[in-house]
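The lines below spell out each chain.
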Amino acid sequence: MDLLSIKWTINLLFCCLFVGVGCNSVDKKIYVHLNYTVPCVRLLNASHQIGCQSSLSGDVGVLHVLESEENLDWVLRTGPNPPYTVILESSLFTRSIMMKLKNGSSRVAGVAVVAPNTNPAENFSPHTTCPNENTGVYTENYDPALAHCNVTVWNPQGNGLSYEEFDFPIFSLKDDNDTQVIRQCYLDHNRPVNGSAPQYPLCAMQLYSHMSAVTDTATCMRRNDINFSISPEMVCDPLGDYNVWASTKPINNTAKGHKMWESVVIAAARLDSRSFFFDIAPGADSGVSGFVTLLAAAHALRNATQEAQPNRTILYTFFQGETFDYIGSSRMVYDMENKNFAVDLDNVHSVLEIGQVGLRTDSKLWLHSDPVSRRNSSVNDEVRKLIDNLHSAATGLNFTLQEPNVSQPLPPSSFQRFLRARPIPGIVIEDHQSSFSNRFYESMYDNAEYLNISYPPNLTPEEQLEFVTDTAKALTEVATMVARALYKQAGGVDTQLSNINADPKIVTQMLYGFLVRSNNAWFQQMIPSDLMSHLKDNPTNFYVGVAQQSSEPTLLVQHLLANFTGSTINITQENCQSQREDENDKESKHLYYYMWVQGAAPPNSTKREGFCVRSTVRLSKALSPAFDPLREFTSKDYSTWTESRWKTIKGRIFLVASHELEMLTLGVGVGVLLTSLLLTYFMSSKADILFSSGREPTNATY
């Protein structure tokens, strides 16, 4: 390469670098990108789609901060610069306002809801008034009078927003610096003065949340199966995860189906929750209060079940996906019916489920049972024994147990899926007699604040972790009652009952980890080092997600349950991770599961001392049978919920010029382009004149 070529190459590289840096700089000068954006996403089932989405290139609208419901007229009719992106304070995020925006969507480009730092005074539940009404036990075939919440409306606060379809994007924004910038941009450029239209330039927002799936689950799953390329593009995924379960006695998990002489008492709780926005699902009362109580009960029972093993086996089960038509429990029942689980339904003696127990009023908890199955005298007798065991277990504790009217159906619960298979004795423990006590059921406000989990000022995060809150004390008593009742129900001896007590420190640490900050020293000790990335400095999200991998709640509950019910054994890390106790051990893996956890670091050291935990904890699929193995995407018996895929989720604000100025700029640009083309043509055609220079004769000599 000659010197001239090298020079031109260097100049070209310099120009490319300059253009790249310049474009990045221009982007930063034009746009303010929003850091914390959580969208409403599209979900689909057998019959329809719900949720929100933007166009492929994102939706742009002029910012308008809604100050009251009366102010909607500006957005829907009189505002001169549609479409608008509406900024809503949480108090205005109501069904009334959202449905008006939906009906006027030709003038609405999107909605951004500012999530408050404290909970609102008003009730808010975007769920339906009758959760899971079509997939529970009460149908036209199982006492129609009790179907569709005809007797009891369980969630009277439900406004159904989570089950509406919006054809514009809806985002949640954190009330921080981003929202202050948005408000200031609106005040500086967009706010009408005395009803007059603001002047350009105007502040605008662009929201990206385009969803790939449309219509319903059958349609999107069919499109998933169309393979025209080497790497086909999926458009939706089934909702699902894994159930977590463990037994007080080892059960051979390799040999599926019925176990001779085995009788199990199922102790159940749900793991998942949801809200209108997919990544904000704290589920404090709807889910966490129940499964934390069951985990604490399992911990309290460890010594008693090892020292004086009861006749029956207690099977702790934590179901995933229950919010979406009982995904986890329906899958476990299906597997039991088809001999694809460690036990079958013939092995099930009874069920005790812990529901919402965090908001009990007047120091009361309610024992719900199924009036239909209790018409069978043998089932009724077993239910009475379970109720008596619960009353006996609650003796001396600071709450009372009561039963609702005998004709009242069960509240929404996993136990209903077992009853769909056969009449099984069971009780569901709740903090409400009829309608939910939870004013924020399945919303972003069902959080630590709502459960009254608060800490004295000036405590460090690690001090908060150890501080025993009043809520932790209350749930500890419930866990003690549950543990004692389970022990009696399993046939344990009464002399052990006084030794069965839940630990308030364990309960308060779990509440802090799940509802305040999962990335804490206690959780870190319980998990392997490769799961550290799952821990966050904020509350856990309990949305079930898609059936691709285990979620953070599933992994945390799996490892907590193993530490609470298992034992530490002295074997090498290699043997532990190979599911054996030594090189010759071929049998233990059928009965136990081994996990190597990183443990704590000793004082004055940063190196953790890991150890092996042997337990009976297992994971089982929480994927609706409608997807695997049945592939019945229009099923009415099983959940058919899927989640659409997407590529980009983001938001940004910028100043937009008037249409006239934009056209003028375009016209000037076109004029400059045409002028440059004409000038180039002229120079090219006259090049021999313009760029000629006197040349010396070829025969010149010097």
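Here goes a summary of the coordinates provided.

Criteria and thresholds
Residues numbered from 1 in each chain as written. Predicted model: local features only at pLDDT ≥ 70, side-chain atom pairs only at ≥ 80, totals over all residues. Heavy atoms only, no water. Helix = DSSP H or I, 4+ residues; strand = E, 2+ residues; numbered from the N terminus. Buried < 20%, exposed > 50% of the residue type's maximum accessible area, 1.4 Å probe, protein only. Contact = heavy atoms within 4.5 Å. Areas by Shrake-Rupley, 256 points an atom, 1.4 Å probe, with all protein chains shown as cover. Core = buried A, V, L, I, M, F, W, Y, C linked by side-chain atoms within 4.5 Å. Polar contact = N/O pair within 3.5 Å; in protein donor to acceptor, adjacent residues only side chain to side chain. 1 Å grid on protein atoms, 1.4 Å probe; cavity = no way out; pocket = protein on both sides within 12 Å on 5 of 7 lines; lining within 4 Å. Points joined across faces, edges and corners; volume = space filled by probe spheres on them. Nonpolar A, V, L, I, M, F, W, Y, C, P; charged D, E, K, R; others polar. Pairing = 2+ DSSP bridges. Axes fitted to C-alpha atoms, helices over the stretch in contact; angles between N-to-C directions. Parallel < 35°, antiparallel > 145°, perpendicular 65-115°, else oblique. Left-handed = near helix turned anticlockwise from the far one by under 90°. Phe/Tyr/Trp six-rings, centres within 6.5 Å; stacked < 30°, edge-to-face > 60°. Lys NZ or Arg CZ within 6 Å of the ring centre and 35° of its normal. Expected span 1.5 Å × (residues − 1). Bend = angle between axes of the 7 residues up to and from the residue. Disulfide = S-S within 2.5 Å.

## Let's talk about the overall build of the protein
At step 1: Assigned secondary structure in the protein consists of 18 helices and 23 strands.
At step 2: Seen through its C-alpha atoms, the protein measures out along the principal axes to roughly 120 × 70 × 55 Å.
At step 3: Buried positions account for 54% of the 702 residues belonging to the protein.
At step 4: Within the protein, contacts between residues separated by at least 24 positions form 78% of all contacts whose residues are at least 6 apart in sequence.
At step 5: A total accessible area of about 31700 Å² is found for the protein, and carbon and sulfur atoms account for 52% of it.

## Re the nonpolar core
At step 1: Of all hydrophobic cores here, the largest spans 133 residues; its most connected members are Leu101, Ile170, Phe291, Tyr316, Phe318, Met481 and Phe514.
At step 2: A total of twelve residues in this core trace back to one element, the largest contributor, which is helix H6 (residues 284–307).
At step 3: Apart from the residues within four sequence positions on either side, Met481 is in contact with Leu365, Leu390, Ala393, Ala394, Leu397, Phe399, Leu401 and Ile429.
At step 4: Listed in part, the 28 residues of the second largest apolar core include Phe341, Val343, Leu410 and Phe415.

## Concerning the side chain of Ser413
At step 1: With respect to the helices and strands, Ser413 occurs in the loop between strand E16 (400–402) and helix H9 (415–421).
At step 2: Polar side-chain contacts of Ser413 include one of 3.0 Å to the backbone oxygen of Pro411.
At step 3: Residues in contact with Ser413, not counting those within four places in the same chain, are Tyr326, Glu353 and Val428.

## Here we look at empty space enclosed by the protein
At step 1: Tallied over the entire structure, the rule returns five cavities of 30 Å³ or more.
At step 2: What lines the largest cavity is a set of 18 residues, and nearest its centre among them are Arg270, Ser286, Pro412, Ser413 and Tyr441.
At step 3: Within the lining of the largest cavity, the residues separate by chemical class into six nonpolar, eight polar and four charged.
At step 4: Space inside the second largest cavity adds up to approximately 140 Å³.
At step 5: Looking at the second largest cavity, it is lined by 17 residues, and the ones nearest its centre are Cys130, Glu133, Tyr138, Cys149 and Gln416.
At step 6: Its residues assigned to classes, the lining of the second largest cavity comprises twelve nonpolar, four polar and one charged.

## Re the sheet that holds E16
At step 1: Pairing is mixed across the open sheet formed by eight strands, whose spatial order is E16-E15-E17-E14-E12-E13-E11-E21. Strand pairing shows two members of the sheet lacking a second neighbour, E16 and strand E21 (618–623), which therefore form its edges. Neighbouring strand axes in the sheet, compared pairwise and without regard to direction, differ in orientation by 25° on average.
At step 2: Two elements, strand E14 (residues 348–354) and strand E17 (residues 426–430), share four bridges in a ladder whose sense is parallel. Residue pairing in the sheet places Leu352 in a bridge with Ile427 of E17.

## Comments concerning the layout of surface pockets
At step 1: Its volume calculated, the largest pocket comes out at about 1300 Å³.
At step 2: What lines the largest pocket is a set of 42 residues, and nearest its centre among them are Asp279, Ile280, Asn538, Pro539 and Asn541.
At step 3: Put simply, the parts of the chain that give the lining of the largest pocket at least two residues each are strand E2 (37–39) and helix H14 (552–565).
At step 4: Broken down by class, the residue content of the lining of the largest pocket amounts to 20 nonpolar, 15 polar and seven charged.
At step 5: For the second largest pocket, the calculated volume is near 710 Å³.
At step 6: Every residue lining the second largest pocket is counted, 32 residues in all, and those nearest its centre are Glu133, Asn134, Thr135, Asp325 and Lys636.

## A closer look at the sheet that holds strand E3 (residues 43–44)
At step 1: In spatial order, the strands read E4-E3-E22-E10; together these four strands make up an open sheet with antiparallel pairing. Edge positions in the sheet fall to strand E4 (49–50) and strand E10 (236–238), since each has one partner strand and no second.
At step 2: Strand contacts of helix H5 (residues 217–224): E3, E10 and strand E22 (642–644), with the helix running at about 110° to E10, the strand carrying the most contacts.

## Overview of the packing of helix H11 (residues 470–489) against helix H12 (residues 504–515)
At step 1: Here H11 crosses H12 at 120°, and the two axes come no closer than 8 Å. On the basis of the axis angle, H11 is oblique to H12. For H11 against H12, the interelement crossing comes out right-handed. Within the contact between the two elements, H11 uses Thr471, Ala472, Leu475 and Thr476 and H12 uses Pro504, Val507, Thr508 and Leu511.
At step 2: Classifying every residue of the contact of H11 with H12 by side-chain character gives five nonpolar, three polar and no charged.

## What to know about the side chain of Ser209
At step 1: Within the secondary structure, Ser209 is located in the loop between strand E9 (202–208) and H5.
At step 2: Note on Ser209: relative accessible area 0%, which makes it buried.
At step 3: In contact with Ser209, not counting residues within four places along its chain, are Pro39, Gln53, Ser54, Pro169, Phe171, Thr648 and Ile649.

## A closer look at the pairing of strand E5 (residues 59–65)
At step 1: Across the seven residues that make up E5, a large majority, six, are buried.
At step 2: Inspection of the sheet shows E5 paired to E9 by four bridges, in the antiparallel sense. Of the residues in E9, the one forming a bridge with Asp59 is Leu207.
At step 3: Note that E5 and strand E6 (residues 84–89) share four bridges and pair parallel. Along E6, the bridge assignment pairs Val65 with Ile87.

## Topic: the packing of aromatic side chains
At step 1: Considering all chains together, one arrives at 30 aromatic pairs under this definition.
At step 2: Measuring from centroid to centroid gives 5.3 Å for Tyr31 and Phe654, while their planes differ by 80°, and the two rings are edge-to-face. With Tyr31 in the loop between helix H1 (3–30) and strand E1 (32–33) and Phe654 in strand E23 (residues 650–656), this pair connects stretches of sequence that are 623 residues apart.
At step 3: Judged by its relative accessible area of 13%, Phe654 is buried.
At step 4: Within the aromatic cluster, the residues linked to one another by ring pairs are Phe93, Phe124, Phe166, Phe168, Phe276, Phe277, Phe440, Tyr445 and Tyr450.
At step 5: Over the ring of Tyr163 we find Arg274; its NZ or CZ atom is 5.2 Å from the centre of that ring.
At step 6: Here the guanidinium or amino end of Arg614 rests over the ring plane of Tyr592, the centre of that ring lying 4.5 Å away.

## With respect to H6
At step 1: Over its 24 residues, H6 extends 34 Å from the first C-alpha to the last, a length consistent with the 34 Å expected when each residue adds 1.5 Å.
At step 2: Remark: the principal bend of H6, roughly 40°, maps to Leu301.

## Side note on the environment of Thr395
At step 1: Tracing the backbone shows Thr395 in the loop between helix H8 (377–393) and E16.
At step 2: Owing to a relative accessible area of 56%, Thr395 belongs among the exposed residues under this scheme.

## Remarks on the state of the cysteines
At step 1: For the structure shown, the criterion picks out five disulfides.
At step 2: Here Cys40 engages in a disulfide with Cys52; their sulfurs sit 2.0 Å apart. Note on the Cys40 and Cys52 pair: the S-S dihedral is about 90°, so by sign convention the disulfide is right-handed. One end of the pair, Cys40, is in the loop between E2 and E3; the other, Cys52, is in the loop between E4 and E5, with twelve residues separating them in the sequence.

## A few points about the packing of H6 against H12
At step 1: Running from N to C, H6 and H12 point in directions that differ by 145°, and their axes come no closer than 10 Å. Crossing of H6 against H12: the hand is right-handed. The residues of H12 that touch H6, namely those facing Ala284, Val288, Phe291, Val292, Leu295, Ala296 and His299, are Ile506, Val507, Met510, Leu511, Phe514 and Leu515.
At step 2: In terms of residue class, the contact of H6 with H12 is built from twelve nonpolar, one polar and no charged.

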